[in-house]
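Chain residues, written in single-letter form:
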Amino acid sequence: MRVDIVSIFPEYFAPLDLSLIGKARANGTLRLVVHDLRSWTHDVHRTVDDTPYGGGPGMVMRPEPWGEALDALAPPELTPPRLLVPSPAGVPFTQALAYELAAEPHLLFACGRYEGIDQRVLDHAATRMPVTEVSLGDYVLFGGEVAVLVILEAVTRLLPGVLGNAGSLEEESHAHGLLEAPMYTKPATWRGLDVPDVLRSGDHGRIARWRRDQALTRTGQRRPDLLAALDPQSLDKRDVTA
Ligand SMILES: COC(=O)c1ccnc(N)c1
């Protein structure tokens, strides 16, 4: 997967050289390049923002530098990338969207700052590539950079060969629309608290059932919205009678 990131704070992405993402870059699974938006300015002050039409507080990112950046990174002769714009006004970022993005050959992230990017940048880009504004949740950040780090981590770990134990994708939260069951390791007793006996029984059928029950209970308590969204077909008939 090729990933391009455009930001006025490219140094924000230094963490991407670390850990599993660093390995994915080193082994070629992830070809990531971070670009400074100011490379596409031409004035002495390398201006990227201006006052909003219609008045109001703050500044808006000018369209010209963004237009040139997207022209350079998504040239018409190449297959267009998917443009992702982190924004409080975006669609919710979910594990399902992470899987969708992990299947894309080329992602292009545009990091907005200030009050956002001139809307015409997104409208013009949408004439030649898929554009998705993505929100991490109902809150506002200083800029899109932190959101890109989150999205990239969620997507990269789904790429083949990145996670040492791909099996863990099967059982983690949101893998089947449920939150994951509680996990335990040694010692069997810690500060008077015991690991549930079933997990030490060696009975894999019972263990799987217990974990499923725990996942359903947790999801019902913490995320009833996820439970309501579950396809009844995906629920084992025993779940209903549990
Ligand atoms: C500037 O970007 C944001 O404030 C942002 C991006 C993604 N998700 C959010 N909830 C906010």
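Coordinates for the structure precede this section.
What this report covers is the structure whose coordinates are included nearby.

Analysis parameters
- Residues numbered from 1 in each chain as written.
- Predicted model: local features only at pLDDT ≥ 70, side-chain atom pairs only at ≥ 80, totals over all residues.
- Heavy atoms only, no water.
- 1 Å grid on protein atoms, 1.4 Å probe; cavity = no way out; pocket = protein on both sides within 12 Å on 5 of 7 lines; lining within 4 Å.
- Points joined across faces, edges and corners; volume = space filled by probe spheres on them.
- Helix = DSSP H or I, 4+ residues; strand = E, 2+ residues; numbered from the N terminus.
- Nonpolar A, V, L, I, M, F, W, Y, C, P; charged D, E, K, R; others polar.
- Patch = residues over 30% accessible without salt bridge, like charges linked within 9 Å, V, L, I, M, F, W, Y side chains within 5 Å.
- Areas by Shrake-Rupley, 256 points an atom, 1.4 Å probe, with all protein chains shown as cover.
- Salt bridge = Lys/Arg side-chain N within 4 Å of Asp/Glu carboxyl O.
- Pairing = 2+ DSSP bridges.
- Axes fitted to C-alpha atoms, helices over the stretch in contact; angles between N-to-C directions.
- Parallel < 35°, antiparallel > 145°, perpendicular 65-115°, else oblique.
- Contact = heavy atoms within 4.5 Å.

**Some words on the layout of surface pockets**
1) Next: Estimated volume of the largest pocket: approximately 450 Å³.
2) Next: Pro86, Ser87, Pro88, Glu115 and Gly116 are, among the 25 residues lining the largest pocket, the residues nearest its centre.
3) Next: Counting residues per element, the ones that place at least two in the lining of the largest pocket are β5 (82-92), α4 (119-125) and β7 (131-135).
4) Next: With five residues, the top contributor of residues to the lining of the largest pocket is β5.
5) Next: Of the residues belonging to the lining of the largest pocket, the class tally is 14 nonpolar, eight polar and three charged.
6) Next: When its volume is computed, the second largest pocket comes out at roughly 330 Å³.
7) Next: Along the wall of the second largest pocket there are 16 residues; nearest its centre are Glu170, Glu171, Ala181, Arg211 and Ala215.

**Here we look at a nonpolar patch on the surface**
1) Next: On the surface, a nonpolar cluster with roughly 480 Å² of combined accessible area is contributed by Phe9, Tyr12, Tyr139, Leu141, Val146 and Val150.
2) Next: When you line up the elements, Phe9 lands in the loop between β1 (2-7) and α1 (19-26).

**Describing the sheet that holds β7**
Remark on secondary structure: sheet strands pair via backbone hydrogen bonds, oriented parallel or antiparallel.
1) Next: Reading across the sheet, the five strands line up as β2-β1-β6-β5-β7 and stay open at both edges, with parallel pairing between neighbours. Across the chains shown, the open sheet's two edge strands, defined by having one partner strand only, are β2 (31-36) and β7. Each strand of the sheet is rotated relative to its neighbour by a mean of 30°, with strand direction disregarded.
2) Next: Across six bridges, the pairing between β5 and β7 is parallel. By the bridge assignment for β7, Leu84 is matched with Thr132.

**Section: the packing of helix α3 (residues 95-102) against helix α5 (residues 145-156)**
1) Next: Relative orientation of the contacting elements α3 and α5 amounts to 70°, with a least axis distance of 8 Å. Between α3 and α5, the interaxial angle falls into the category roughly perpendicular. Where α3 abuts α5, its residues Ala98, Leu101 and Ala102 lie against Ile151, Ala154 and Val155.
2) Next: For the contact of α3 with α5, a count of residues per class yields six nonpolar, no polar and no charged.

**A few points about the pairing of β5**
1) Next: The pairing of β5 with strand β6 (residues 106-110) spans three bridges and is parallel. Among the inter-strand pairings, Leu84 is bridged to a residue of β6, identified as Phe109.

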